[in-house]
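# Reading the structure
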Amino acid sequence: NTALLGDAVHSVKPYFGLGVNAAFEDVAALGQALDDSPDLPNALRAFSAKRAGEARVLVQLSRSFDLGGWRSFAFFIGPLILDGIFHGVAPSLFAPNTLAMLQKPHLSFARVRWRKRLDRTIQLAVLAAAATAAGRLAAVALGA
């Protein structure tokens, strides 16, 4: 019976600042699973069930930040800029950027990913509506 913990199962970028934190969460979850079940195989299954989803999301988030080239801008820098603008204008509607949200201990990695997907959908809808309105205004101004 083996349990993988910390970077052995969810290696993240060093600047992410979450590798050790995730390892501590793994240790706490494994400790709880061992306390709840004296049977090691059952405890390991419970631990895996509790942490596997979060580990998967953490690795996906970390990898999405280092795509290289234009993809880095499109999927990392651009969203940070959009989040800064939208959160600054409407903080009750839009959450802070992903890196800031990952520092909030009460939010799971899955919850951060879900929230940023929601924000991105609304941001893109607002930008599309603004572009459509600008296009129509330009057409009216040009007499089309």
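Right, let's walk through the structure included here. (Residues numbered from 1 in each chain as written. Predicted model: local features only at pLDDT ≥ 70, side-chain atom pairs only at ≥ 80, totals over all residues. Heavy atoms only, no water.)

## Points about the overall build of the chain
The helix and strand tally for the chain stands at five helices and zero strands. Taken from the N to the C terminus, the helices and strands of the chain come in the order α-α-α-α-α. Projected onto its principal axes, the C-alpha coordinates of the chain cover approximately 80 × 30 × 20 Å. Counting over 144 residues, the chain shows a buried share of 28%. Relative to all contacts within the chain whose residues are 6 or more apart in sequence, the contacts with residues 24 or more apart total 54%. By element, 64% of the accessible surface of the chain is carried by carbon and sulfur atoms, the whole surface being about 8,900 Å². Charge-centre separation for the chain: the mean point of 15 positive side chains lies 11 Å from the mean point of 10 negative side chains. (Helix = DSSP H or I, 4+ residues; strand = E, 2+ residues; numbered from the N terminus. Buried < 20%, exposed > 50% of the residue type's maximum accessible area, 1.4 Å probe, protein only. Contact = heavy atoms within 4.5 Å. Areas by Shrake-Rupley, 256 points an atom, 1.4 Å probe, with all protein chains shown as cover. Lys, Arg positive; Asp, Glu negative; His and termini not counted. Charge placed at Lys NZ, Arg CZ, Asp CG, Glu CD.)

## Points about the environment of Ile77
Within the secondary structure, Ile77 is located in helix 3 (residues 69-89). You can call Ile77 partly exposed: its relative accessible area is 36%.

## Describing the side chain of Ser37
Tracing the backbone shows Ser37 in the loop between helix 1 (19-36) and helix 2 (40-64). Among the residues examined, Ser37 registers a relative accessible area of 15% and is labelled buried. With near-sequence residues (within four places) excluded, Ser37 lies in contact with Asn42 and Ala43.

## A word on the nonpolar core
Most often, soluble globular proteins have nonpolar side chains that are buried together. Among the nonpolar cores identified, the biggest contains 11 residues, and these are Val12, Leu18, Ala22, Val57, Leu58, Leu61, Ala95, Met101, Leu102, Phe109 and Val112. Contributing elements (two or more residues each) for this core: helix 2, helix 4 (98-102) and helix 5 (109-141). In terms of residue count, helix 2 provides more of this core than any other element does, three residues in total. (Core = buried A, V, L, I, M, F, W, Y, C linked by side-chain atoms within 4.5 Å.)

## Digging into a nonpolar patch on the surface
Together, Phe73, Ile77, Ile81, Ile85 and Val89 line one region of the surface with nonpolar side chains, adding up to about 490 Å² of accessible area. Assignment of secondary structure puts Val89 in helix 3. (Patch = residues over 30% accessible without salt bridge, like charges linked within 9 Å, V, L, I, M, F, W, Y side chains within 5 Å. Salt bridge = Lys/Arg side-chain N within 4 Å of Asp/Glu carboxyl O.)

## Re helix 3
With 21 residues, helix 3 should cover 30 Å at 1.5 Å per step; its first-to-last C-alpha distance of 29 Å lies within 8% of that length. Taking the largest bend as the criterion, helix 3 deviates by roughly 35°, centred on Gly78, and proline Pro79 comes between one and four positions later. Here helix 3 has its buried residues at Ser72, Phe76, Gly78, Pro79, Asp83 and Phe86. Packing partners of the buried residues in helix 3 comprise helix 4 and helix 5. (Expected span 1.5 Å × (residues − 1). Bend = angle between axes of the 7 residues up to and from the residue.)

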